Amino acid sequence: MITNRSVAPLAVILVAGSTVLTPPAWADPPPTPQPVAPAASPTTGRPGGGQTGKAPVAEGYGGAVSTVDPDASRAALKVLRRGGNAVDAAVAAAAVLGVTEPYSAGLAGGGFLLYYDARRGKVHTIDGRETAPKAMTATSLEGVPFEEAVTSGLSAGVPGSVAQWELALRRFGTLSLRQALQPAVEVADRGFTVDQTFHDQTAANAARFADFTSTAKLFLPGGAPPRVGSTFRNPELAETYRTLGRKGPGWLYGGRLGEEVVATVKRPPVTPGSARNVRPGLMELPDLRAYRALERPPTKVVYKGMDVYGMAPPSSGGSTVGEALNILEALPEVGPHEYLEASRLAFADRGRYVGDPSGVPGVPLAELLSDGFAKERACLVTERAMAHPAPAGEPDGAYGPCPADSPAAPETGTAAPEGPETTHLVVADRRGNVVAYNITIESTGGNGIVVPGRGFLLNNELTDFTFGPAPGDPNLPGPGKRPRSSMAPTIVLADGEPLLALGSPGGSTIITTVLQILVNRWEFGMSLPEALAAPRATQRNTAQTQAEQGFIDRHGAELTGRGHSLVLNPEIGAATAVEFLGRGRLQAVAEPSRRGGGSALVVSPAR
Ligand code: DON
């Protein structure tokens, strides 16, 4: 796998503190008291938690939500209770995450949204991925040290989230953008309680935050990270959301806010005396004007009778999860070894073939997801771990018998330690509509640069491009191009009805986390809470397989005996999911402990 990452931190966690929301201004009826969702322990199945909104499992009826953050989950639940649908609630939750998880999400980021429309029985996707400015070429990042690109104007992509929210609400929602932003305005004004992880993440970023006057002012009040237990308010972000609601997306995409974004990218507000080499960006106002969120057909594979829908390029999520599932289906048995090998092969193909289809004509998506190709790839899975690196296959439609001894491709990069940044949320509403939504500003803290006076960080999504030189690489930068993503929001239907929706943060480990949860659920007989909680491993066509300690303890001896080399990754992916249990019963599931534990809620515990 080609990567430019070399020293990204492995384990930084963020959990926002909790606050109680007052009813949003758009809510006419007085707030109904919030019944506590009955939460069940993933191991015992017994009810637990819930008062704080931090229960990892909730079962009930009328709608469900799971996010990493209680404020965001409660905002979504309130929208559902007041008659909003899954899209309304997902946008509201995403905007709240921009307040309480400002280092993972925000209005200047991007994401991918999957939506199951129950009335039409159809899965839609909305691509809100950031784009490269028009001035960016295949060589713009060549020779730029990765760490320098991380904190720069150069890595800031044209934000996609606001256009995506607007399009999602217009196409599928019932609220206006102003209404959907209102819960986030409330949280930003009132503030949330700083917990250890918010403090720690700020501290981990303190050096670069201090290098920008605007960022230091917001996130290092008094020159230091906010104290644990203090209340963190962001009135400037509240005002930004309020104005955005009033003026609409045009305020960002060509208007005054857009001008300020461009000015910040081109002349980052570097603190006088800072020694940091901050490269300016290439973004101009016409880049913002030209931005469009796009509806795309979802990817689809059929796995043992279930329809698995995912995100198409420029994300590699749907194609890579889908190809790996197809390979597994072609194998006589599925265990941890097969899961790792299928993932290894799918990543080899991801690296070779997947990029933004507008910049790489001929991403062979249909062939990558074909059963014929999967069968050919499955031939390479033997009793022992295959030689590293697995070469890419030939998704050319002509699939013969298993090739003898495929030559190994040259090593092109090292295993990328992926951070836990980014976030995923799921929402289901009472009509059976479902949203799976991945959002990100890429690194923890994005590019580290707050737009002065506006309360939000810029993304550094363009670091997801291959920096090059890498002739033929489908993920080289280009004008208007979207960097390849690994985000993999996933919706599964069985017999035309929703069965599961899930997703995760974690860079390219997102793909393996989603795959592993599906394998845990379907092949290893785990309940959904068990499938999320189970220790994870991630094989992305790298020499070593990163794994959590629990996975090493459980499977290390057997896998090492079969030629795998496992290396510790303390935490892989803080996933969220929902399962349809039948007869209207929903099970919302969040992490019990990763990233401090998530927040699963249902509208009503009883029918
Ligand atoms: O789009 C992607 O795949 C990444 N930019 C997501 C960022 C993420 O998960 C953080 N991890 N490195």
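Criteria and cut-off values
- Residues numbered from 1 in each chain as written.
- Predicted model: local features only at pLDDT ≥ 70, side-chain atom pairs only at ≥ 80, totals over all residues.
- Heavy atoms only, no water.
- UniProt positions renumbered as here; feature names shortened; annotations may be inferred.
- Helix = DSSP H or I, 4+ residues; strand = E, 2+ residues; numbered from the N terminus.
- Buried < 20%, exposed > 50% of the residue type's maximum accessible area, 1.4 Å probe, protein only.
- Contact = heavy atoms within 4.5 Å.
- Areas by Shrake-Rupley, 256 points an atom, 1.4 Å probe, with all protein chains shown as cover.
- Phe/Tyr/Trp six-rings, centres within 6.5 Å; stacked < 30°, edge-to-face > 60°.
- Near = heavy atom within 4 Å.
- Polar contact = N/O pair within 3.5 Å; in protein donor to acceptor, adjacent residues only side chain to side chain.
- Nonpolar A, V, L, I, M, F, W, Y, C, P; charged D, E, K, R; others polar.
- Pairing = 2+ DSSP bridges.
- Salt bridge = Lys/Arg side-chain N within 4 Å of Asp/Glu carboxyl O.
- Axes fitted to C-alpha atoms, helices over the stretch in contact; angles between N-to-C directions.
- Parallel < 35°, antiparallel > 145°, perpendicular 65-115°, else oblique.
- Expected span 1.5 Å × (residues − 1).
- Bend = angle between axes of the 7 residues up to and from the residue.
- Core = buried A, V, L, I, M, F, W, Y, C linked by side-chain atoms within 4.5 Å.

The name an unreviewed UniProt entry assigns to the chain is Gamma-glutamyltranspeptidase, from the organism Planomonospora parontospora. The record held by UniProt for the chain lists under Sequence similarities (unreviewed entry) the comment "Belongs to the gamma-glutamyltransferase family."

Remarks on the overall build of the chain
Helices and strands together make up the secondary structure of the chain, namely 17 helices and 20 strands. Looking at the chain as a whole, 64% of its 607 residues are labelled buried. For the chain, contacts bridging at least 24 residues in sequence account for 74% of all contacts bridging at least 6. As displayed, the chain offers around 20,300 Å² of accessible surface, 54% of which is attributable to carbon and sulfur atoms.

What about the packing of aromatic side chains?
A full pass over the atoms with the stated rule returns 13 aromatic pairs. Between Tyr115 and Phe172, the ring centres sit 4.7 Å apart and the planes meet at 40°, which makes this aromatic pair tilted. On the criterion of sequence distance, the pair formed by Tyr115 in strand S4 (residues 110–117) and Phe172 in helix H4 (residues 161–172) is long-range, its members being 57 residues apart. For Tyr115, a relative accessible area of 3% gives the class buried. The structure contains a cluster of three or more aromatic residues connected by ring pairs, namely Tyr103, Phe192, Phe198, Phe209, Phe219 and Phe232.

Details of the site of the ligand
Around the ligand, the structure places 15 residues, and the nearest of them are Thr422, Glu442, Glu461, Asp464 and Gly507. Within the backbone of Gly507, one N or O atom sits 2.5 Å away from an oxygen atom of the ligand. When the ligand sits alone it has 340 Å² of accessible area, and the protein chains cover 98% of it. Considered class by class, the residues forming the shell around the ligand number two nonpolar, seven polar and six charged.

Details of the pairing of strand S10 (residues 306–310)
Along S10, five of the five residues are buried, which leaves the element largely enclosed by surrounding structure. The alternating pattern of S10 places Met306, Val308 and Gly310 and Asp307 and Tyr309 on opposite faces, both of which are buried. With five bridges joining them, strand S9 (residues 299–303) and S10 adopt antiparallel strand pairing. Its bridge partner being in S10, Val301 is matched across the sheet by Val308.

Some words on unusual backbone geometry
Note: most residues except glycine have negative phi, and most peptide bonds are trans. Of note, the bond from His388 into Pro389 is cis; its omega dihedral lies within 30 degrees of zero at -10°. Looking at the secondary structure, you find Pro389 in the loop between helix H14 (371–378) and strand S11 (423–429). The residue after Gly468, namely Pro469, is reached through a cis peptide bond having omega 0°. Inspection of the secondary structure puts Pro469 in the loop between strand S12 (434–440) and strand S13 (490–494). Notably, Asp495 is not glycine yet its phi reads approximately 55°, a positive angle. Position of Asp495 relative to the elements: it lies in the loop between S13 and strand S14 (497–503). Although it is not a glycine, Asn541 adopts a positive phi angle of roughly 60°. On the secondary structure map, Asn541 appears in the loop between strand S15 (537–538) and strand S16 (545–547). Owing to a relative accessible area of 5%, Asn541 belongs among the buried residues under this scheme.

What about the pattern of salt bridges?
Within the structure shown, the criterion is met by 30 salt bridges. A salt bridge links Asp464 to Arg129; its shortest N-O distance comes to 2.7 Å. Within this pair, whereas Asp464 is found in the loop between S12 and S13, its partner Arg129 is found in the loop between strand S5 (122–128) and helix H3 (146–150), the two being separated by 335 residues in sequence. Counted as one network, the salt bridges with shared partners bring together Arg256, Glu259, Glu260 and Arg454.

Things to note about the packing of helix H5 (residues 177–190) against helix H8 (residues 235–247)
Close contact between H5 and H8 brings their axes to 8 Å; oriented N to C, the two are set at 170°. The angle between H5 and H8 places the two elements in the roughly antiparallel class. Each of Leu177, Arg178, Leu181, Ala184, Val185, Ala188 and Asp189 in H5 lies in contact with H8, whose residues at this interface are Pro235, Ala238, Tyr241, Arg242, Leu244 and Gly245. The residue inventory of the contact of H5 with H8, partitioned by class, reads nine nonpolar, one polar and three charged.

Quick word on helix H17 (residues 549–561)
Helix length check: H17, at 13 residues, gives a terminal C-alpha distance of 17 Å against a target of 18 Å (1.5 Å per residue), a fit within 8%. Where H17 bends most, at His555, the angle is about 65°. Here H17 has its buried residues at Phe551, Gly556 and Leu559. Turning to H17, the residues buried within the fold contact helix H12 (336–353), helix H15 (509–522), S15, S16 and strand S17 (566–568). Looking at the residues trailing H17, positive phi occurs at Gly563, about 100°.

Concerning the side chain of Ser73
Note that Ser73 resides in helix H1 (residues 70–81). Residue Ser73 is classed as buried on the basis of its relative accessible area of 0%. Beyond its immediate sequence surroundings of up to four residues, Ser73 is in contact with Val65, Ser66, Thr67, Ser599 and Leu601.

Notes on the nonpolar core
Counting residues in each nonpolar core, the largest one holds 84 residues, and the members touching the most others are Trp165, Phe219, Tyr241, Leu425, Tyr437 and Phe456. Among the elements that line this core, the one with the most residues is helix H2 (residues 86–100), at twelve residues. For Phe219, the contacting residues outside a window of four places in its chain are Pro102, Tyr103, Phe198, Thr202, Phe209, Ala224, Pro225, Pro226, Phe232, Val450 and Leu457. In this structure, Ala428, Leu502, Val519 and Phe551 belong to the second largest nonpolar core, which totals 73 residues.

A closer look at the sheet that holds S16
Taken in spatial order, the three strands make up an open sheet running S15-S16-S17, and their pairing is mixed. Every interior strand has two partners, whereas the edge strands, S15 and S17, have only one. Both S15 and S16 contribute to a ladder of two bridges, which runs antiparallel. Paired with Ala537 across the two strands is Ala547, which belongs to S16. Lying on the sheet, H17 is in contact with S15, S16 and S17; it crosses S17 at an angle near 165°.

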